[in-house]
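# Residue-level structure breakdown
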Amino acid sequence: MAHKGAVLALVTIGAIVQGYAMSVFLFPHFIPSGGAGGIAVLFNYWFEMPLSLALWIVNFSLLAAAIHWLGNASALGTMYAITITSLAVQFFDNPLFLHAGNTWLDLLLGSLILGFGIGILLKQGVSNGGMGVIALITAKYRNIPPGKPLLFLNGSVFLLTASIIDWRIVIQAIVCQWVSTKMVDLLFTTKLSFLPGLLSIRKKK
């Protein structure tokens, strides 16, 4: 029971962290945080749909794959993570948190924070939604870290987003994915365990 509570806490933290990175650092500059984030940015650009709602809709479209390939537990965890992330995006989309920061500095900080959040989720066997579902399936069945397939899958969405909004987004999105997926792979190969009242991080030997 305690283990399930620890996993739930980590999933909640990971979802909030990635929502924070998206809303505060990446979305204000129209930088896609990933495949789902890129499509959400497009929906916002085309239809002025709230980013939180667009992100939720896009992410849930791939849940059928999560249910089939990863099982109900992972699918439920993904649904929970998606919902918490969307709520976090909505919560942090507030003048209290937003700022007129430098695009490239925000890109670097946002990518590091985003990768940290995604890495926590994937480590618990929970997808961050969108292309993360496919990346997690690939990692599970090929026994590899999910960072590389995540980078490859998101590339196609970046090209589409950039061709419609601004080609500079391709460079920014690639940098974002490179930095964030490096963080994902680092955390994915790191053992997370609960000690009494504390979360410790130990690198696998």
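So, how was this worked out
The residue count restarts for each chain, going from 1 along the sequence in the order it is written. Totals for whole chains, interfaces and linings use all residues, but because this is a predicted model, local features are given only for residues with pLDDT of at least 70 and pairs of side-chain atoms are given and counted only at 80 or more. Only hydrogens and water are removed before side-chain values are computed, so all heavy atoms of the structure are retained for them. Counting from the N terminus, the helices are the DSSP runs of H or I reaching at least four residues and the strands are the DSSP runs of E reaching at least two. Each residue is assigned to one of three classes by its accessible area relative to the maximum for its type, calculated with a 1.4 Å probe on protein chains only: buried under 20%, partly exposed between the two thresholds, exposed over 50%. It only takes one pair of heavy atoms within 4.5 Å for two residues to be counted as in contact. What qualifies as a polar contact is a pair of N or O atoms within 3.5 Å, subject to a donor-acceptor requirement within protein and to the restriction that residues adjacent in sequence count only when both atoms come from side chains. In this text, buried Ala, Val, Leu, Ile, Met, Phe, Trp, Tyr and Cys residues form a nonpolar core when linked through side-chain atoms within 4.5 Å.

Tracing the chain through its elements places Val157 in helix H8 (residues 147–164). The class of Val157 is buried, set by a relative accessible area of 7%. Along the chain, Val157 and Ala173 lie 16 residues apart, while their C-alpha atoms are 9.8 Å from each other. Leave out the neighbours within four places in its chain, and Val157 touches Gly34, Gly35, Gly38, Ile39 and Met131.

A separate point is the side chain of Thr85. One can find Thr85 in helix H5 (residues 72–92). Given the relative accessible area of 1%, Thr85 is considered buried. Among the polar contacts made by the side chain of Thr85, one reaches the main-chain carbonyl oxygen of Ala81 at a distance of 2.8 Å.

Ranked by size, the top nonpolar core spans 25 residues in total, and within it Met22, Leu26, Phe27, Leu55, Val89, Leu114 and Cys176 carry the most contacts. When residues in this core are grouped by element, the largest group, 5 residues, is from helix H1 (residues 2–26). With sequence-adjacent residues up to four places away left out, Cys176 is seen in contact with Leu26, Ile31, Pro32, Ser33, Leu107, Ser111 and Leu114. Membership of the second largest hydrophobic core comes to 6 residues, among which are Val11, Ala81, Ile84 and Leu121.

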